[in-house]
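Breakdown of the fold
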Amino acid sequence: MNSVRCADLRKTYKQGDQDVIGLDGVSLEVEQEGFVCLRSPSGAGKTTLLNAMGGLDRPDSGEVYVAGKRIDNLSKGKLAEMRLRNIGFVFQAYNLIPVLTAMENVEFVMHLQGVPAPERAKRAGEALNEVGLEGLENRRPAKMSGGQQQRVAVARAIVSRPAIVLADEPTANLDSSSARHLMALFARINETRGTTFVIATHDEMVMSYAKRLIRMRDGKIVEDQLQET
Amino acid sequence: MIATSGIVFRLAWRNLWRNYRRTAIILAAIAAGIWAMIFMIAFTRGMIESMVSDGIRSIPGHVQIHHPDFRNDPTVDNLMSRPGGELAASLDGKDVAAWSSRVRVPAVISSERGSRGVTLVGIDPVAETSISFVADDVVEGRHLEDDRDRGLVLGRRLLERLESDVGKRVVVMTQGADNDIVDRGFRVVGVYESEIASTEEAFAFAGRATLQELLGIGDRVSEIAVLGTDRREAEQLYLRLADTAGADVEVLPWYELNSYLGATMRTMDGFVIVWIVVIFLALSFGFVNTLVMAVFERVREIGLMMALGMKPRTIVAQIVAESILLLAIGLAAGNVLAWATIYSLSDGIDFSFVGEGLEIMGAASVLKPSLGIGDVLLSTAIVLGLGFLASLSPAIRASRYQPVEALTKE
Ligand SMILES: Nc1ncnc2c1ncn2[C@@H]1O[C@H](COP(=O)(O)OP(=O)(O)OP(=O)(O)O)[C@@H](O)[C@H]1O
Ligand SMILES: [Mg+2]
């Protein structure tokens, strides 16, 4: 069983009247409890691939399966529902809704899922504890450091036990010590909860946490290897 | 949808106060607009109320009964017998507050200094008391005592025009039965004043029996004026009387007796709706602009919420909720302001400095704004309804963003 499977994904962007290759025949299976890093030079297609896997964007051709269900042909509303139930996202920045507190940001997805209030509060509290933010539940994002904000995003990504967490350069805006903390947190959650992670990065430190390292170039996977951590 | 309404409203509420200054400014504009809307409606209602009740006092009555030709040719040729039988019985009905039969003829009144054409009305002052304005408004001298009174009550203005006075004699000349010109001297016994100056010149009052004798018409009368217990039920009263009156007389309600007044009353509801819409349109520019700005500033956030799994229709709901909240607060503030203003003016606004203009329209020169709950509900419903429609466009535009594009927007 795999969390996500992609078959022969292709995507071309139009930039003016030039065609820019985003993905050029990518096939990939991410195993459950995997911890995968995507690395490449800039512009090789990491973000395009993550977006296709997470149902944020549609490939031009090819198929994407999440938790065994095909998602690349779903309507906008159905895709939103699929993301809500199956995928956790951690973006590079601007991860949080500014008018909501840390706690409320974590609860946000559970509101959309219709989780009853007491359970919502309990699970959000646990998730914030797990990422080491106890005591900051009622802070708004503007009053938190970059590292703290990313941790809130992680708590939100894991709180509803998604099939997979997709993180696009989650450490790019962090100082190196916060970045290390965040990666250690990912690794621990992967270990204790068995959550699957796919992380796109340029950062060697991040790659050092990966159990599986995939290298891309020009929209293609050029290397895919397991590594000891 | 219901499950998400909690978070939708929380987001809408917090987003509303995010740009505090902008929200405060647009709220002030909405409140001022609603204030103007409600106040103007109350003011106009007050004016129309006053026009109608004064109008009814000078018709007078809610319903009148005449000889079928009297209204075309209001002379002694078209008189009717005093009511008897079925009609008399129905005039005793519970919905009748008072009724009175009157003689009404065109006449010329002359003093030593001048003469004026008037409508001379022969009344029974006792029966007339609550029906027309004269009784309360005699300000000098005395009112007629009974229908055999030999005196004459004139309006203040008429008396001034005739350069006459209480206690002096004037000559009344009119056309009696058989087309004879008849005349008689009357002593002016009282002067009345009316809020509407033109009335003071138009009507002169004499005892009914005295006038019947002068005209040689026996005990026939020109009209029966009926005052119902409630103006709003004038139509039922009219239908009931018309039913029992028989074919030899004509029964008419006030809004047909004075069709200008009736039409004014009917157009009022239309005016209220037009006025609400006009004010809303004036407000909608600022309002929609605020929403568009708010959405535009938050594109990235909207992208984030969509990426996390918020459905497009929930995005729409959230932005619409924000606009409805904004309007609801503006409505509440505007209404409070309007009610406070109206309350503080409950003694009426003295418009005597522009009195002539209002009098031409038949309104008194002191106006009391009158606010009905119906108008408040109507304006609230229209503003919220149109606000909902106006906010749909920016809301739907926001929901059409693709999460990726919105997220990467600089
Ligand atoms: N919306 C877009 N319009 C046009 N071209 C795009 C768009 N998004 C991506 N591209 C192009 O597609 C290619 C792949 O981009 P992508 O963002 O997937 O690369 P990446 O590996 O994530 O790069 P980076 O490391 O800089 O984040 C690049 O050449 C990029 O310029
Ligand atoms: Mg990228």
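Residues numbered from 1 in each chain as written. Chains lettered and ligands numbered in written order. Predicted model: local features only at pLDDT ≥ 70, side-chain atom pairs only at ≥ 80, totals over all residues.

1. Notes on the overall build of chain B
Rule in force here: Helix numbers and strand numbers start at the N terminus; a helix is a DSSP run of H or I with at least 4 residues, a strand a run of E with at least 2. We compute the radius of gyration over the C-alpha atoms and compare it with the globule rule, which gives 2.2 Å times the number of residues raised to the power 0.38. Counting other C-beta atoms within 10 Å of each residue's C-beta, where C-beta atoms are placed from the backbone, gives the exposure class: buried for 20 or more, exposed for 12 or fewer, partly exposed between.
When you go through chain B residue by residue, the secondary structure sums to 16 helices and twelve strands. Taking 2.2 N^0.38 as the reference for a compact globule, 410 residues should give roughly 22 Å; the C-alpha atoms of chain B span a radius of gyration of 31 Å, well beyond that estimate. Projected onto the principal axes, the alpha-carbon positions of chain B cover approximately 100 × 45 × 30 Å. Counting across all 410 residues of chain B, residues that qualify as buried make up 43%.

2. Thoughts on the interface of chain B and chain A
Selection criterion: It is the C-beta atoms, placed from the backbone, that decide contacts: two residues are in contact if theirs lie within 7 Å. Polar here means any residue other than Ala, Val, Leu, Ile, Met, Phe, Trp, Tyr, Cys and Pro, which are nonpolar, and Asp, Glu, Lys and Arg, which are charged; Gly is therefore polar.
Each partner contributes residues to the interface: chain B has 22 residues there, and chain A has 19 residues. Listed by contribution, the elements that provide at least two residues to the side of chain B that touches chain A are α1 (2-16), α12 (299-307) and α16 (403-408) of chain B. When residues in the side of chain B that touches chain A are grouped by element, the largest group, seven residues, is from α1 of chain B. By residue class, the composition of the side of chain B that touches chain A is 13 nonpolar, four polar and five charged.

3. A short note on the site of ligand 1
Residue and element names in this part refer to chain A. So the rule is basically this: Near residues are defined by distance alone, with the backbone-placed C-beta atom required to lie within 6 Å of the molecule or strand.
Looking at ligand 1, the residues that line it are Tyr13, Gln15, Val20, Gly22, Ser40, Ser42, Gly43, Ala44, Gly45, Lys46, Thr47 and Thr48. Sorting the residues of the shell around ligand 1 by element identifies β1 (2-15), β2 (18-31) and α1 (46-53) as the ones contributing at least two each. Counting residues per element, the shell around ligand 1 draws most heavily on α1, at three residues. Of the residues in the shell around ligand 1, the class split is three nonpolar, eight polar and one charged.

4. Points about the nonpolar core
Selection rule: A set of buried residues qualifies as a nonpolar core if it consists of Ala, Val, Leu, Ile, Met, Phe, Trp, Tyr and Cys joined through C-beta atoms within 7 Å.
Ranked by size, the top nonpolar core spans 115 residues in total, and within it Val36, Met53, Val106, Leu128, Ala155, Leu166 and Val198 of chain A carry the most contacts. Here this core takes ten residues from helix α13 (residues 312-344) of chain B, the largest share from any one element. If near-sequence neighbours (up to four positions away) are discounted, Leu166 of chain A is found in contact with Leu50, Met53, Gly54, Ile87, Phe89 and Val198 of chain A. Core analysis: the second largest hydrophobic core is formed by 56 residues, Trp99, Ala107, Leu158 and Ala225 of chain B among them.

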